[in-house]
Amino acid sequence: MAENSPTEILTGAAVLALAAGFFIYASNATGMIGGAGQQHYELSASFRSAEGVNLGTDVRLAGVKVGTVTGLELNPQTFRADTRFTVRNGIEIPDDSTASVSSEGLLGGTFLELVPGGSPFNLEPGAEVIDTQGAVGLISLLMKFVGGGGDGGGSDAGTGGGDDTK
């Protein structure tokens, strides 16, 4: 066997140190490891549609990540998506707040958005957010727009131009 030169050993050690540093950074950035001793409490919500939401999806308040989705399952009695998520300690959520499934844009990712209410009472750990708004599919929005599928929007489609041929 050939002996390893000191340069090869130092290069290997540097690569391993860089890989370990990247892993620690990525773990903290994604919340995989409870970064900097932050504690969280869990809340739940039930959505008509949680399309695009997965385990680990961001929970945001005013555009700032305050937690992650920790559980998602179909409730066989209500046919709704029961969702569990965490919120950082120190962030008090009023009990009349809204949880909605939002999108970052046309091609962006999905996140769970908390919109605080005005109640002086806050949600306790383990409580459920009652007011929810499910995901809105882009295709269904486009079909409503193209087909005029709003409140009466599609029923007037052929009535405007018929009087020209008298």
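About the cut-offs
- Residues numbered from 1 in each chain as written.
- Predicted model: local features only at pLDDT ≥ 70, side-chain atom pairs only at ≥ 80, totals over all residues.
- Heavy atoms only, no water.
- Helix = DSSP H or I, 4+ residues; strand = E, 2+ residues; numbered from the N terminus.
- Buried < 20%, exposed > 50% of the residue type's maximum accessible area, 1.4 Å probe, protein only.
- Areas by Shrake-Rupley, 256 points an atom, 1.4 Å probe, with all protein chains shown as cover.
- Polar contact = N/O pair within 3.5 Å; in protein donor to acceptor, adjacent residues only side chain to side chain.
- Contact = heavy atoms within 4.5 Å.
- Pairing = 2+ DSSP bridges.

**Some remarks on the overall build of the protein**
Secondary structure assignment for the protein yields 2 helices and 8 strands. Each helix and strand of the protein, ordered N terminal to C terminal, gives the series α-β-β-β-β-β-β-β-β-α. Counting the 166 residues in the protein, one finds 26% classified as buried. Accessible surface, the protein: about 11,300 Å² in total, of which carbon and sulfur atoms supply 59%.

**Some remarks on the side chain of N75**
With respect to the helices and strands, the residue N75 is situated in strand β3 (residues 64-75). Here the side chain of N75 touches Q77 through a polar contact of 2.9 Å, landing on its backbone nitrogen. Discounting residues that sit within four places of it in the chain, N75 has contacts with R80 and D82.

**As for the pairing of strand β6 (residues 110-115)**
As paired strands, strand β2 (residues 58-61) and β6 are joined by 3 bridges and run parallel to one another. Its bridge partner lying in β6, L61 is registered against L114. Two elements, strand β5 (residues 98-103) and β6, share 6 bridges in a ladder whose sense is antiparallel. Bridged to S103 within β6 is T110.

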